[in-house]
Amino acid sequence: MSLAQDKYKQLTDAATAANLSNLSIDEKGGVLHISGDTADASVKDHLWNIYGQLDPDFQTGDVILDIATTVSSGTKATVTTNQSNLNIRKGPGTDQEIVGKAAHGETVTIMSQPNEQWWLVRTAAGEEGYAYAEFLSPQV
Amino acid sequence: MTIRPIRTVLTIAALSATTAFYSCKDKVKDSDIQTAIENAKASDAKMSGVIATVKDGDVTLEGSVPDEATKAAAETNVKAIKGVGTVTNNLTIAAPVVENPMPVPVSSPLEPGVMDAIKSYPTVKASVKDSVIILEGSISKADNIKLTQALNSLHPKKIDRSKFSVK
């Protein structure tokens, strides 16, 4: 039996039912790769919850789950850092100059999503630049 | 029979002595010219293939240089050396042989993304090998979710957590 059919059936079933665009389920080198796009951050969270239950702390490392939240320009997002400010940078990389910041819990506007890791955002104060997407949760 | 006037004889003798005197003072030793050529070569890496032989002030240049400009410069430089007579330029133009070129390390395209992802977590170390991300150190449960999401978005083949702990 494969990983998809066996250990992770609940996860692959949920991914299929979630109406993701560009859904891909593939098993390669003993690792189950699941990827897809959603506009709804709660769909992403739901799938990650299931994954975390089936493999606590993701310790086994036999799944690569990659759900991208793709939204239209102008969508608001909440800053989800632990407590620190989120740096807004001149370019998409941590080596890039910091041009502003957004506080934990603050709402920013997503201008564009050049890739999965870095999104172009604008703060209420009018600062515009790239922020690390992992710390942004698009508001539905 | 012509008898040279004593005045002429003395003049010739004086001139000879003078000429002989100037030659002794002006003649630069071949070894000094060789040293000067070696010094000139040292200032330009492109001249390292030049082999110079000096005999009685006359210089022959042989060997190979990478381009026409270097060949011409070698000749000009040698001619400017004091004591040099004729310069025979037999230098050939040949592309330099690159021996044992340094292998260019191919950095994984995953690496910059991985470094960005772990930047917020000082207790986490990561390396990349053959598109596998190897994690070391530790992280909290809450941060583990965010870190894993960020690393997965880079599309690695696998994440090796054998040396990694979640607290």
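Residues numbered from 1 in each chain as written. Chains lettered and ligands numbered in written order. Predicted model: local features only at pLDDT ≥ 70, side-chain atom pairs only at ≥ 80, totals over all residues. Heavy atoms only, no water.

(A) Representation of the interface of chain A and chain B in the model. Chain A puts 21 residues into the contact, and the matching count from chain B is 25 residues. Roughly 2,100 Å² of surface becomes buried between chain A and chain B when both sides are summed, with 47% attributable to carbon and sulfur atoms. Interface area lost by chain A to chain B is led by Asp57, Ile64 and Glu134 of chain A, which between them contribute 25%. The tally of links from chain A across to chain B stands at one salt bridge. (Contact = heavy atoms within 4.5 Å. Buried area = accessible area lost by both parts, 1.4 Å probe. Salt bridge = Lys/Arg side-chain N within 4 Å of Asp/Glu carboxyl O.)

(B) Region of interest: the pairing of strand 3 (residues 63–69) of chain A. Residue and element names in this part refer to chain A. Most of strand 3 sits out of view: seven of its seven residues are buried. Residue alternation in strand 3 divides its side chains into two sets, Val63, Leu65, Ile67 and Thr69 and Ile64, Asp66 and Ala68, and both sets are buried. By the bridge criterion, seven bridges tie strand 2 (residues 31–38) to strand 3 in an arrangement that is parallel. Of the residues in strand 3, the one forming a bridge with Ser35 is Asp66. (Buried < 20%, exposed > 50% of the residue type's maximum accessible area, 1.4 Å probe, protein only. Helix = DSSP H or I, 4+ residues; strand = E, 2+ residues; numbered from the N terminus. Pairing = 2+ DSSP bridges.)

(C) Geometry of the sheet that holds strand 5 (residues 124–129) of chain B. Residue and element names in this part refer to chain B. One open sheet holds the three strands; their spatial order is 5-6-7, and the pairing between them is mixed. Here the strands that pair on one side only, and so sit at the sheet edges, are strand 5 and strand 7 (158–166). Sheet twist, expressed as the average angle between the axes of neighbouring strands with direction ignored, equals 10°. As paired elements, strand 6 (residues 132–139) and strand 7 share seven bridges and run parallel to each other. (Axes fitted to C-alpha atoms, helices over the stretch in contact; angles between N-to-C directions.)

(D) Representation of the side chain of Thr123 of chain A. Position of Thr123 of chain A relative to the elements: it lies in the loop between strand 8 (118–122) and strand 9 (128–132). With residues up to four places along the chain from it excluded, the contact list for Thr123 of chain A reads Ile88, Lys101, Ala102, Glu106 and Val108 of chain A.

(E) Up close: the packing of aromatic side chains. Residue and element names in this part refer to chain A. Counting across every chain of the model gives six aromatic pairs over all chains. Here Trp48 and Phe58 contribute two aromatic rings whose centre-to-centre distance is 5.3 Å and whose plane-to-plane angle is 90°, an arrangement assigned as edge-to-face. Note that Trp48 is positioned in helix 2 (residues 41–54) and Phe58 in the loop between helix 2 and strand 3, a separation of 10 residues in sequence. Chaining the aromatic ring pairs together yields one cluster made of Tyr8, Trp48, Tyr51 and Phe58. (Phe/Tyr/Trp six-rings, centres within 6.5 Å; stacked < 30°, edge-to-face > 60°.)

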